Amino acid sequence: MSARTPSGPTRDRRRRVAAAVAAVVGATALTTTQAAPSAAAPAAASDAAPEVTGGGYLAPYFTEGDLTDDEAVSLDDLDLVGPALGTTDTDAGWSGLAPADLDADGELELRDLADLAQRVLYDDGPFELVEATALDMQRAMNAGTVTSVELTRAYLDRIAAYDGLADEAHARALNSVLTTGGEAALAAAAESDALRARDGGPRSMVDGIPVLVKDNFDTVDMPTSAGHGSWETNQTATDASMVEGLREGGAVLLGKASMDEWALGFSSAYTTGVAAGSSEPVASPYALTRTAGGSSGGTGASIASNLGAIGFGTDTGGSIRVPASYNQLVGVRPTVGLASRDGIVPLALSQDTGGPITRSVSDAAIALDEVVGVDPADPVTAEQDGRVPDSYTRFLDDDALEGARIGYVPSMVGTNATTVRLFEAAVADLTAQGATVVPVDTTVLGPTLAEPSGSTNEFKHDLQEYVAAHLDPDVTTRTLADIIASGRLVPGREGTYRTRDAVTPEQYDAWITSHSAAIATGEQVTTGLLDDNDLDALVYPSGNPYGTQGTNLRLGPNTGMPSVTVPMGQASATEAIPGAGVNLEFLGRNYSEGDLLGLTYDYEQATGHRTTPALYPALDDAPARAAGGTAGGARSAADPEVSGVSVSVSDDALQVGDEVTVTVAADSVADLYAYDLDLGVDPEVLSLVDGSVDADEGGATYARAGESGVEVAHTRLGSSPALTGEAVLATLTFEAVGAGATEVEALSLAQVGSDLAEATGTALGSAAVTVDLADAPVATATPRVIGTVEPGRTVRTDGAAWDLADVEETYQWLLDGEPVDGATSSTYRVSAREAGARLAVRVTGTVPGSAPGTATSTGRAVRALTTRTTVSTTPTVRMGRRPVATIRVAADALTPRGAVLVRYAGRVVRQGLRLDERGVARFRLPARARTGRVPVAAVYDPATGFAASRGRTTIRVTR
């Protein structure tokens, strides 16, 4: 994201974090391998910039296991691990998979897959708005369980139903929200949904999250009155810098929270929309007869009542921390200079700072990420350069207190019985989490705690600068004197405003010089106290039940140093104000917000002191949800259980080429987050169809076919609820590839619960399948014997035509219906001995997996081979001489065999005269005693396969 021009803050750092978030849905969550910072060593002195390293979301939990270097644990990473289950550190390619070996045992196992899957920002379980965190909302939006439009509309419905509610159960209205974004907010939510769908994930961790901001933050789509009636039409032309950062991250500006007029006090009385001469108070949702605190009381009351997801306030002398304490919320007063104040109606710029007010520390870290940055319009922000981490969420470690050293000044605890009891319990809780908590007896903080607020001497000056730069030109009350003259004041405050209006420029200059020096000294002294005592933070009560504690609230404003306040419990039923909340405040060195968020996160996770206001439950039409997960995903104490596993098939009698669906189901499962099902099946009979494996619950499923079966691994995603009740563990489609019988048997089921506990079941059930060959192809045209069927001739067949495609043919020649040995080609040479037989061909058609089909031609008779017999002699012979007759028997294809009978002068003179290999025989005829023409005839007596023939000639006998 480019820097804001001409005067906006540079937010490249935050946008890099946002880019890491954008691979969540089609790819699903965000991550990096950056480790969480250790809280063991105290931070550096304030004049040294803290180490700034890259990070992702909620490192290390959401940042371990990334294999694709995209700063996101997503389906892309699971898709590498699922098929690689069983890989060990001795196998090739291990280095590319090793980060996913989350239990570091040298093997990728089902537990690793489940552990990695839980790091995906995803939850397809039912969603409930009340107490939902930004993390819950992102998970649900990524899963499609809820949309930003639905979230926004639900919060608008709650505001409409509850903010003005006063009845028997509600002594007075909350009055926490002055105006809502209405249709503009819904349009922004719709845009967020569209971009999430287009990009496969959110732009940042606030994308689509409905946010309420205090009414002194400029917003281009809602007026900014700073709680004052004569400014109720102040529609500014630009957003405050912090608001701009929220919108860039995709946050939905839900509305403007009410506030104490001009942020002056802790009562949160305002005159916006109220008749002159009167004002409205903001009530605490825990005790409606008491104030919500101030000056950010509307933010505190609305966020505590779940009228918005995340809130923002400002703090000059306690205006974030007081409503946070009164309303059991987390409040962050950042280092002055971390977030630009440009576009915020000021009270005293020497101490003003804006920050989040949220229901959880993680929400505060998420919100803070979106509003930091250097802004030329607020020069003090230049100090932060090089001192701000990529994301504050990477500090959120539930072991952050381990080894930390925490100090407290006993005099700052006070004497209130509730506060003292809760603080002592907090010290014990911090110690139990591994921190060393030490009292620091010192008086060095006295001058700092005694330094007054700058609001008296700075308000007139700073307000006039805002008027010149931002106020709507149509607003007519443009000076403090105009404001007083308007009469639209909180009753009883006119004197206070006249005192501030009487401050001269010379008084302001003298004050700002001395006060700035006091703040610088306070920062130096307080940092020195931390350094001298080797402390990571100071802790003290932010206040007492619905009240302040001494001058504790001044330590942050009079040093410029950051603090984070977090609930430390409530007054008991026997104490003065039963149920009243008190917060524990952590103060650290300048720009140590990350460390403070880590420490308070650990404390919050260990204690869970926040309660939900009972007067503002879920609306009747709101969805219900089981208890939500933490940053590490939902956890249970019980091991996973599976019983009643069965295997069924859609058809147990198949033919080759058929498909069958196998279903593995369980009658009852409990806390089953991931499982690895080993199915035994004969791969020569059934073959898994690629891409056919599924489970009926959302998640990721992986199948691996092996030599003896199929392995199916399935895992839920993110904090989605584990499987309970009846479950279909897998459906698979197999193709029958060979004839035979096989059992589809569930051999074993490895199980992992939502707390990563493991169990295994064996011999779980089976189903039998029998596969026959498919129907034989049928000839649609019979084969033919083509050619002259005579001995010595070669005939052929043109095969058959079939009802199936890609039929392979083989041939068998038949004589009188009997196969001829070796006669298996498409041609056949007829032999002489076959004359008189009937010749046919049988064609066999085969298709893989089918029975063979046959077709036989019509038989054709083998005819005897026609012969030609010729007789030749000398044409003339003398009487008494014996002439030689040459007899030749010929045929077209073969040389005839057999014998001839010779007649001479009408009588047989030789029988059985054998033909030689050329079909020739010679015979010397008897001598004749008479002259004349004498006939010579030869009759061929054929061997098998040849037809008889005869030939004749004549000899002239002379003297």
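Keep in mind that what you see is a predicted model, and the values were worked out from it rather than measured.

Draft legend 1. Structural view of the overall build of the protein. Tallying secondary structure elements over the protein gives 18 helices and 43 strands in all. Taking 30 Å as the expected radius of gyration for a compact globule of 959 residues, we find that the protein reaches 49 Å, considerably beyond that expectation. With respect to the principal axes defined by its C-alpha atoms, the protein has extents near 180 × 60 × 55 Å. Every one of the 959 residues in the protein was classed for burial, and the buried ones make up 56%. Long-range pairs, those at least 24 residues apart, make up 74% of the contacts in the protein between residues at least 6 apart in sequence. With an accessible surface of roughly 36000 Å², the protein has 49% of that area assigned to carbon and sulfur atoms. Put simply, the protein has 69 plus and 127 minus side-chain charges, and the middle of one group is 30 Å from the middle of the other.

Draft legend 2. Structural view of the environment of Pro473. Residue position: Pro473 is located in the loop between helix H14 (455-469) and helix H15 (480-486). Spatially, the C-alpha atom of Pro473 lies 8.4 Å from that of Asn234, the residues being 239 residues apart in sequence.

Draft legend 3. Seen up close, the UniProt feature "domain: Amidase" (unreviewed entry) in the protein. Using the residue numbers shown here, the UniProt feature "domain: Amidase" (unreviewed entry) corresponds to residues 150-543. As annotated, residues 150-543 has a helix share of 36% and a strand share of 14%, and its two end C-alpha atoms lie 37 Å apart.

Draft legend 4. Inspection of the pairing of strand E38 (residues 884-891) at higher detail. Across six bridges, the pairing between strand E36 (residues 867-872) and E38 is antiparallel. By the bridge assignment for E38, Thr869 is matched with Val889. Bridge count between E38 and strand E41 (residues 920-924): five bridges; the pairing is antiparallel. Bridge pairing in E41 links Ala885 to Phe923.

Draft legend 5. Up close: the nonpolar core. Grouped together as the largest cluster of nonpolar side chains are 96 residues, with contacts concentrated most on Met137, Phe312, Leu584, Phe586, Leu597 and Tyr603. If you tally residues by element for this core, the top one is helix H11 (residues 361-369), at six residues. Counting residues in each nonpolar core, the second largest holds 35 residues, with Leu677, Leu679, Leu732 and Leu749 among its members.

Draft legend 6. Just the packing of aromatic side chains, in detail. Following the criterion strictly, the structure yields eight aromatic pairs and no others. Note on Tyr162 and Tyr616: the rings are 5.2 Å apart at their centroids and 85° apart in plane angle, and the pair reads as edge-to-face. Remark: Tyr616 occurs in the loop between helix H18 (593-607) and strand E16 (641-649) and Tyr162 occurs in helix H6 (residues 148-163); sequence separation between them is 454 residues. Judged by relative accessible area, Tyr616 falls into the buried class, the value being 0%. Where Tyr408 meets Phe423, the ring centres are 5.2 Å apart and the plane angle is 70°; that geometry is what we call edge-to-face.

Draft legend 7. Main features of the packing of H14 against helix H16 (residues 494-501). The N-to-C vectors of H14 and H16 enclose an angle of 75°; their axes lie 8 Å apart at closest approach. Our classification of the angle between H14 and H16 gives roughly perpendicular. The residues of H16 that touch H14, namely those facing Ser455, Thr456, Phe459 and Lys460, are Thr499, Arg500 and Asp501. Across the contact of H14 with H16, the residue classes tally to one nonpolar, three polar and three charged.

Draft legend 8. Representation of the pairing of strand E9 (residues 330-333). Going residue by residue along E9, you find Val330 and Val332 tucked away on one face and Gly331 and Arg333 tucked away on the opposite face as well. Sheet analysis places E9 next to strand E10 (residues 353-358), joined by two bridges and oriented antiparallel. Paired with Val330 across the bridge in E10 is Thr358. As paired strands, E9 and strand E14 (residues 563-570) are joined by three bridges and run antiparallel to one another. Residue pairing in the sheet places Gly331 in a bridge with Thr565 of E14.

Draft legend 9. Structural view of the sheet that holds strand E13 (residues 537-541). Within the open sheet, the 11 strands sit side by side as E1-E3-E2-E8-E10-E9-E14-E15-E13-E11-E12. Their pairing is mixed. Edge positions in the sheet fall to strand E1 (177-180) and strand E12 (436-439), since each of these pairs with one other strand and no more. Sheet twist, expressed as the mean angle between neighbouring strand axes with direction ignored, is 30°. In terms of strand pairing, strand E8 (residues 310-315) meets E10 through five bridges, oriented antiparallel.

Draft legend 10. Spatial organisation of the pattern of salt bridges. Tallied over the entire structure, the rule returns 26 salt bridges. The salt bridge partner of Asp315 is Arg333, with a shortest N-O separation of 2.9 Å. Of this pair, Asp315 sits in strand E8 while Arg333 sits in strand E9, placing them 18 residues apart in sequence. With respect to class, Asp315 is no different from Arg333; both count as buried. In this structure, Arg793 engages Glu790 in a salt bridge whose closest nitrogen and oxygen atoms are separated by 3.4 Å. Shared partners join several salt bridges into a network, and the residues in it are Asp315, Arg321, Arg333 and Glu585.

Draft legend 11. Up close: the side chain of Ser258. With respect to the helices and strands, the residue Ser258 is situated in the loop between strand E3 (252-257) and strand E4 (269-270). Overall, the relative accessible area of 0% leaves Ser258 in the buried class. Those residues within four positions of Ser258 in sequence are excluded, and the remaining contacts are Asn175, Ser176, Val177, Leu178, Tyr270, Val282, Gly297, Gly298 and Thr299.

Draft legend 12. Structural context of unusual backbone geometry. In the segment running from Gly294 into Ser295, the intervening peptide bond is cis, with an omega of 5°. Checked against the element boundaries, Ser295 lands in the loop between strand E7 (287-291) and helix H9 (297-304). The backbone of Ala263 shows a phi angle near 60°, a positive value even though the residue is not glycine. With respect to the helices, strands and loops of the structure, Ala263 is situated in the loop between E3 and E4. Its relative accessible area of 7% is what places Ala263 among the buried residues. Backbone geometry places Asn306, a non-glycine residue, at a positive phi of 60°. Considering the arrangement of structural elements, one finds Asn306 in the loop between H9 and E8.

What counts and how
Numbers given for residues are sequential positions, taken from 1 along each chain in its written order. Under the rules for a predicted model, residues below a pLDDT of 70 receive no local features and side-chain atom pairs below 80 are neither given nor counted, while totals for whole chains, interfaces and linings still include all residues. Note that the side-chain values use all heavy atoms of the structure and ignore hydrogens as well as water. Think of it this way: any DSSP run of H or I at least four residues long counts as a helix, any run of E at least two long counts as a strand, and we number them from the N terminus. Atoms counted for the radius of gyration: C-alpha only. Globule rule: 2.2 Å times residue count to the power 0.38. Relative accessibility decides the category of a residue: with a 1.4 Å probe and only protein chains considered, values under 20% of the type maximum give buried, values over 50% give exposed, and everything between is partly exposed. Should any heavy atoms of two residues lie within 4.5 Å, those residues are considered in contact. A 1.4 Å probe and the Shrake-Rupley method give the accessible areas. Residues count as covered only by the protein chains that appear here. Only four residue types enter the tally: Lys and Arg on the positive side, Asp and Glu on the negative side, with His and both chain ends excluded. Every charge is mapped to an atom, namely NZ of Lys, CZ of Arg, CG of Asp or CD of Glu. UniProt positions are given in the numbering used here, feature names are shortened, and annotations may be inferred rather than shown by experiment. Should DSSP find at least two bridges between two strands, the strands are taken to pair. Here, nonpolar core refers to any group of buried Ala, Val, Leu, Ile, Met, Phe, Trp, Tyr and Cys residues whose side-chain atoms link them within 4.5 Å. Each Phe, Tyr or Trp ring (for Trp, its six-membered ring) is paired with any other whose centre lies within 6.5 Å, and the angle between the two planes then decides the class: stacked below 30 degrees, edge-to-face above 60, tilted in between. Lines fitted to C-alpha atoms define the axes here, with helix axes fitted over just the stretch in contact, and angles between the N-to-C directions of these axes take values from 0 to 180 degrees. Orientation labels follow simple angle bins: below 35 degrees gives roughly parallel, above 145 gives roughly antiparallel, 65 to 115 gives roughly perpendicular, and whatever is left gives oblique. When residue character is reported, Ala, Val, Leu, Ile, Met, Phe, Trp, Tyr, Cys and Pro are called nonpolar, Asp, Glu, Lys and Arg charged, and the others, Gly included, polar. Every case where a carboxyl oxygen of Asp or Glu lies within 4 Å of a side-chain nitrogen of Lys or Arg is listed as a salt bridge.

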